[in-house]
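Coordinate analysis (summary)
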Amino acid sequence: MFLELLQIIHMLSVSLNKVGDLKYYYEDLQGAKSYYFQSLNVRRDAIKNHPSSPSQVCRWLWEQKGYKLGKEVHFK
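Overview of the structure. In this text, all values refer to a predicted model and were calculated from it rather than measured experimentally. (Residues numbered from 1 in each chain as written. Predicted model: local features only at pLDDT ≥ 70, side-chain atom pairs only at ≥ 80, totals over all residues. Heavy atoms only, no water.)

So, the overall build of the protein
For the record, the criterion: Numbering of helices and strands runs from the N terminus; a helix is a DSSP stretch of H or I covering at least four residues, while a strand is a stretch of E covering at least two. For every residue, the accessible area (1.4 Å probe, protein chains only) is compared with the maximum for its type, and the residue is labelled buried under 20%, exposed over 50%, or partly exposed between those bounds. Any pair of residues with heavy atoms lying within 4.5 Å of one another is described as a contacting pair. Areas reported as accessible are Shrake-Rupley estimates using a 1.4 Å probe. Residue values count occlusion only from the protein chains shown.
A tally of helices and strands in the protein yields 3 helices and 2 strands. Element order for the protein, N to C, with α for helix and β for strand: α-α-α-β-β. Looking at the 76 residues of the protein, the share that counts as buried comes to 25%. In the protein, 35% of the contacts between residues at least 6 apart in sequence involve partners at least 24 apart. A total of about 6,000 Å² of accessible surface is found on the protein, and carbon and sulfur atoms cover 57% of it.

Comments concerning the packing of aromatic side chains
The criterion, for reference: Only centres within 6.5 Å qualify two rings of Phe, Tyr or Trp (six-membered ring in Trp) as a pair; their planes then separate them into stacked at under 30 degrees, edge-to-face at over 60, and tilted for everything else.
One pass over the full model with this rule turns up 1 aromatic pair. Ring centres of Tyr 24 and Tyr 25 lie 6.0 Å apart, and the angle between their planes is 65°; on these two criteria the pair is classed as edge-to-face.

With respect to unusual backbone geometry
Within the chain, Glu 27 stands out as a residue other than glycine whose phi angle is a positive 65°. For Glu 27, a relative accessible area of 70% puts it in the exposed group.

Observations regarding helix α2 (residues 29-49)
Within an α-helix, residues lying three or four positions from one another point in the same direction, as the helix has 3.6 residues per turn. Rule in force here: Here, expected helix span is obtained from the residue count minus one, scaled by 1.5 Å.
Here α2 is 21 residues long and its end C-alpha atoms lie 30 Å apart, about the 30 Å a rise of 1.5 Å per residue gives. All of the buried residues in α2 are Gly 31, Ala 32, Ser 39, Leu 40, Val 42, Arg 43 and Ala 46.

Observations regarding the nonpolar core
Applied cut-off: We define a nonpolar core as any set of buried Ala, Val, Leu, Ile, Met, Phe, Trp, Tyr and Cys residues linked to one another through side-chain atoms lying within 4.5 Å.
Membership of the largest hydrophobic core is limited to 5 residues, which are Leu 6, Ile 9, Leu 16, Val 42 and Ala 46. The set of elements that each furnish at least two residues to this core consists of α1 (2-25) and α2. Beyond its immediate sequence surroundings of up to four residues, Leu 16 is in contact with Tyr 35, Gln 38, Ser 39 and Val 42.

Any link to function would need more than the numbers given here.
Okay, here's the thing in structure tokens:
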């Protein structure tokens, strides 16, 4: 159940990001920014509420900081 919830959170975040992409492609920059921030906030909330989760939701923020996740954490 827990992993299913994290997958749903991840899919929601990806979907919001894709809507942001569509807004960007149609030159609605304010709309794109809004959806990108909604997507980011979904991921941030997931990490705040489930900080020990090794899910894809957490992986994205780790990689933004320059870390690689695998069997061990690799620092750049």
